[in-house]
Amino acid sequence: MKVTRRDLLFWSAGAAAGLIVSPVPWKVLDDTSIWSQNWPWIPQPARGPVDVKQSSCTLCPNGCSVRVRMAAGWPVGISGVATNPISRGALCPLGFGAHQLNWHPQRLRTVRHGLSTSTWDAARAAFAKACSEGPVMVVDGYPGRAASHVLETFAQKHGGQYRVIVGPETRALAPYETMSGVPASALGYDLEHPQTIVSFGAPLLDGWGAPGRFTRLWADRAASSTDPQLRLIQVDPTLSRTAARAWQWIPVKAGSEAALAAGVARVLLEERLVPARGPMPPMTLAEAAAQTGLTTDSIRDLARTIAARTPAVAIANDDNPSIAALNVILGAVGTRGGIVRRSKAAKPYISADAPLPSLRAVLIDSSVPWDFTPQTDAEIFRFAAWDGGPTDGGPRNGAASNASSKPADWLLPAPGFLEELTDVPTAPALPVETYAVAVNLVKSPHQTHSTAGFVNSIDPALPTTETIIHTRCADLFREHSGTLHAQETTPVAKLASAQKLEEQLWKGAVWVGSELAEPHRSANFRCELKEWPTAAASSRSENWLAAWPAPVLPPLAAKLYQDSSLREPPARRNS
Ligand code: SF4
């Protein structure tokens with residue numbers, strides 16, 4: 001069963017609004033406790049003192065805060081942390097069951113070379129030999145961490161390449177990078193302030209961004225109201241779960257989103273409904289209507305509805321340049337309630353899906369989704385905590401392939417859940433910077449190494465993850481900006497020392513650069529739109545489904561996922 005991050009978020013998205021008032025989640029947890037006791041590999045926790053620690057989930061780049069219940073030093077239960085201002089206590093099912101993952105039967109316990117078991121020394125020797133014979137590529141699924149810095153430095157120092165897996169939320173921001181020169185990884189959506197959001201197929205209410213962020217916003221500002229403070233208009237060929245819950249659903253022909261964006265922009269400009277000016281789309285309203293299957297009147301109505309409640313922002317499902325151009329016309333770039341620049345420091349990355357040069361070896365970090373298989377004949381060294389089984393081996397995201405894909409030559413056991421010290425950089429699409437640290441609460445029962453630790457052992461001159469985290473904490477303290485969110489909220493400027501800041505982060509606090517109520521907006525983030533774009537999106541909407549498949553599921557997540565798939569999509573409330 002291939003279960004993607006979006007599948008998992010279905011449950012958390014649907015549950016978030018009703019979590020507090022509904023008994024259903026607790027019933028499901030109760031059922032699951034009984035059901036999961038029958039799994040033969042679930043260990044009986046030792047009797048001993050019970051303790052609660054706070055940390056962050058590192059199973060995907062959303063980095064949700066977690067409260068970990070420990071019995072005799074072993075995690076036995078996970079819950080969300082309401083003081084995290086982004087996720088506000090929500091988790092996806094994978095996070096809820098993450099404590100069970102370390103005991104999963106598909107946990108990688110030994111080094112594997114082809115079909116045989118091998119040793120760490122043999123893997124190290126083989127990788128060092130490969131590095132001496134030709135270029136290597138390092139692939140990172142969770143860029144921005146201290147470990148990522150180690151991997152990137154290693155690749156640069158050894159004449160290799162550092163590539164990253166770009167998630168769908170960041171890919172949708174790529175056209176703004178083209179228009180402004182600001183890296184997509186530095187941009188985010190200020191969803192806390194618009195009055196109208198036009199989603200062109202982005203599944204905002206069923207699996208988009210950090211769990212709980214938009215669903216809680218929606219619950220606060222829109223749910224159950226016929227005239228909500230926040231209007232969500234969902235442009236979707238089918239009645240998706242988001243379309244079913246949205247304030248308005250615009251059914252269009254599949255693949256005609258760019259035509260609708262052009263039609264709406266034409267009306268906005270012709271009728272002077274927005275103050276911003278821009279190039280008139282060459283497509284006529286009649287052509288837009290023919291392509292979308294809508295009438296010219298309904299496109300006019302849509303444009304007027306959008307302009308009636310501003311700030312308004314359009315969110316794309318892919319890297320569609322016409323939807324980015326519509327945001328420029330709406331004045332939603334670099335402004336409150338629109339696309340904002342959250343970081344001055346972020347740099348552009350090269351996607352692992354871009355065509356590959358000739359390589360001697362590829363080193364894949366354990367953060368890379370299991371279904372990523374590089375299209376190369378190079379020797380592949382793959383770190384993973386769990387063996388997710390065979391993949392289809394095809395290129396992701398429609399990337400062109402000029403070489404065969406093959407499974408990893410080396411499978412190297414990585415630390416499991418909460419078995420590794422790592423930091424947690426800003427999640428994709430957030431409008432503010434955040435930083436947290438996930439400490440190694442648990443010792444791995446097997447001999448594991450992180451990818452960063454592995455390259456540190458080959459090149460001891462590289463900095464370690466731990467020293468980089470210390471430096472980052474010291475830098476945050478020196479800047480004296482932002483706030484620490486723990487049981488209490490403390491401005492960094494009020495902390496006595498960098499050590500105090502680091503202690504708090506070690507205990508699970510989250511640093512937030514500026515409040516969501518007032519995200520950082522850089523005056524130098526502007527998009528130049530000289531002519532209406534003619535290029536089509538290069539990534540298609542199925543990317544949402546292809547993103548971040550979990551290699552294995554803990555029983556709790558499997559049960560929650562199973563139950564969530566039993567839910568029928570709601571009927572249109574205003575149909
Ligand atoms: S969304 Fe990602 S970080 Fe959050 S709980 Fe799920 S797996 Fe963990």
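Everything that follows concerns the structure shown earlier in this document.
Notes on the structure in this doc start here.

As for the overall build of the protein chain
Logical step 1: Scanning the protein chain for helices and strands turns up 18 helices and 21 strands.
Logical step 2: Here the protein chain, with 575 residues, has 58% of them falling under the buried criterion.
Logical step 3: Considering only contacts in the protein chain between residues 6 or more positions apart, those separated by 24 or more positions represent 73%.
Logical step 4: Here the protein chain displays about 23200 Å² of accessible surface, and carbon together with sulfur accounts for 53% of that area.

A few points about the pairing of strand S2 (residues 65-71)
Logical step 1: Burial analysis of S2 places five of its seven residues in the buried class, the great majority of the element.
Logical step 2: Across seven bridges, the pairing between strand S1 (residues 50-56) and S2 is antiparallel. Paired with Ser-56 across the bridge in S2 is Ser-65.
Logical step 3: Alignment of S2 against strand S3 (residues 74-80), held across six bridges, turns out to be antiparallel. Its bridge partner being in S3, Met-70 is matched across the sheet by Pro-75.
Logical step 4: Here S2 hands over to S3 after two residues, with Ala-72 in that stretch at a positive phi of 50 degrees.

A short note on the side chain of Thr-215
Logical step 1: Here Thr-215 is to be found in helix H8 (residues 213-221).
Logical step 2: On the basis of relative accessibility, which here comes to 5%, the residue Thr-215 falls in the buried class.

Side note on the sheet that holds S1
Logical step 1: Across the sheet, three strands lie side by side as S1-S2-S3; this open sheet has antiparallel pairing. Bordering the open sheet on either side are S1 and S3, each of which pairs with just one other strand. Sheet twist, expressed as the average angle between the axes of neighbouring strands with direction ignored, equals 30 degrees.

Things to note about the side chain of Asn-102
Logical step 1: Take Asn-102: it is sitting in the loop between helix H3 (93-96) and strand S4 (112-113).
Logical step 2: Taking relative accessible area as the criterion, Asn-102 reaches 6% and is therefore assigned buried.
Logical step 3: Among residues more than four places away in sequence, those in contact with Asn-102 are Arg-107, Trp-386, Gly-416, Phe-417 and Glu-419.

Section: the sheet that holds strand S15 (residues 379-384)
Logical step 1: Spatially, the seven strands line up as an open sheet ordered S5-S4-S16-S15-S14-S6-S7, and their pairing is mixed. At either end of the open sheet lies a strand with only one pairing partner, and these are strand S5 (116-117) and strand S7 (161-164).
Logical step 2: Pairing analysis gives two bridges linking S4 to strand S16 (residues 410-413), with the strands arranged antiparallel. Along S16, the bridge assignment pairs His-113 with Trp-410.
Logical step 3: Strand contacts of helix H14 (residues 451-458): strand S14 (361-364) and S15, with the helix running at about 130 degrees to S14, the strand carrying the most contacts.

A closer look at the packing of aromatic side chains
Logical step 1: Under the counting rule described, the total for this entry stands at 11 aromatic pairs.
Logical step 2: Among the aromatic residues, those joined into a ring-pair cluster are Trp-120, Phe-127, Phe-154, Phe-381, Phe-383, Trp-410 and Phe-454.

Regarding the site of the ligand
Logical step 1: Around the ligand sit Cys-57, Leu-59, Cys-60, Asn-62, Gly-63, Cys-64, Leu-91, Cys-92, Gly-95 and Pro-211, and those are all the residues in its vicinity.
Logical step 2: Looking at the shell around the ligand residue by residue, the class counts come to seven nonpolar, three polar and no charged.

Focus on the packing of helix H5 (residues 146-157) against H14
When two helices pack together, their arrangement is given by the angle between the helix axes and by the axis-to-axis distance.
Logical step 1: Where H5 contacts H14, the axes come no closer than 9 Å and their chain directions differ by 40 degrees. The angle between H5 and H14 falls in the class oblique. The handedness of the crossing between H5 and H14 is left-handed. Taking contact as the criterion, the partners of Ala-147, Val-150, Leu-151 and Phe-154 in H5 are, on H14, Thr-451, Ala-452, Val-455, Asn-456 and Ile-458.

Overview of the nonpolar core
Considering soluble globular proteins, one finds that nonpolar side chains tend to be buried as a cluster.
Logical step 1: Tyr-176, Phe-214 and Leu-260 are the most contacted members of the largest nonpolar core, which has 69 residues in total.
Logical step 2: At nine residues, helix H10 (residues 257-270) tops the list of elements feeding residues into this core.
Logical step 3: Grouped together as the second largest cluster of nonpolar side chains are 67 residues, Ile-78, Ala-155, Ala-361 and Ala-550 included.

Conventions and cut-offs
- Residues numbered from 1 in each chain as written.
- Predicted model: local features only at pLDDT ≥ 70, side-chain atom pairs only at ≥ 80, totals over all residues.
- Heavy atoms only, no water.
- Helix = DSSP H or I, 4+ residues; strand = E, 2+ residues; numbered from the N terminus.
- Buried < 20%, exposed > 50% of the residue type's maximum accessible area, 1.4 Å probe, protein only.
- Contact = heavy atoms within 4.5 Å.
- Areas by Shrake-Rupley, 256 points an atom, 1.4 Å probe, with all protein chains shown as cover.
- Pairing = 2+ DSSP bridges.
- Axes fitted to C-alpha atoms, helices over the stretch in contact; angles between N-to-C directions.
- Phe/Tyr/Trp six-rings, centres within 6.5 Å; stacked < 30°, edge-to-face > 60°.
- Near = heavy atom within 4 Å.
- Nonpolar A, V, L, I, M, F, W, Y, C, P; charged D, E, K, R; others polar.
- Parallel < 35°, antiparallel > 145°, perpendicular 65-115°, else oblique.
- Left-handed = near helix turned anticlockwise from the far one by under 90°.
- Core = buried A, V, L, I, M, F, W, Y, C linked by side-chain atoms within 4.5 Å.

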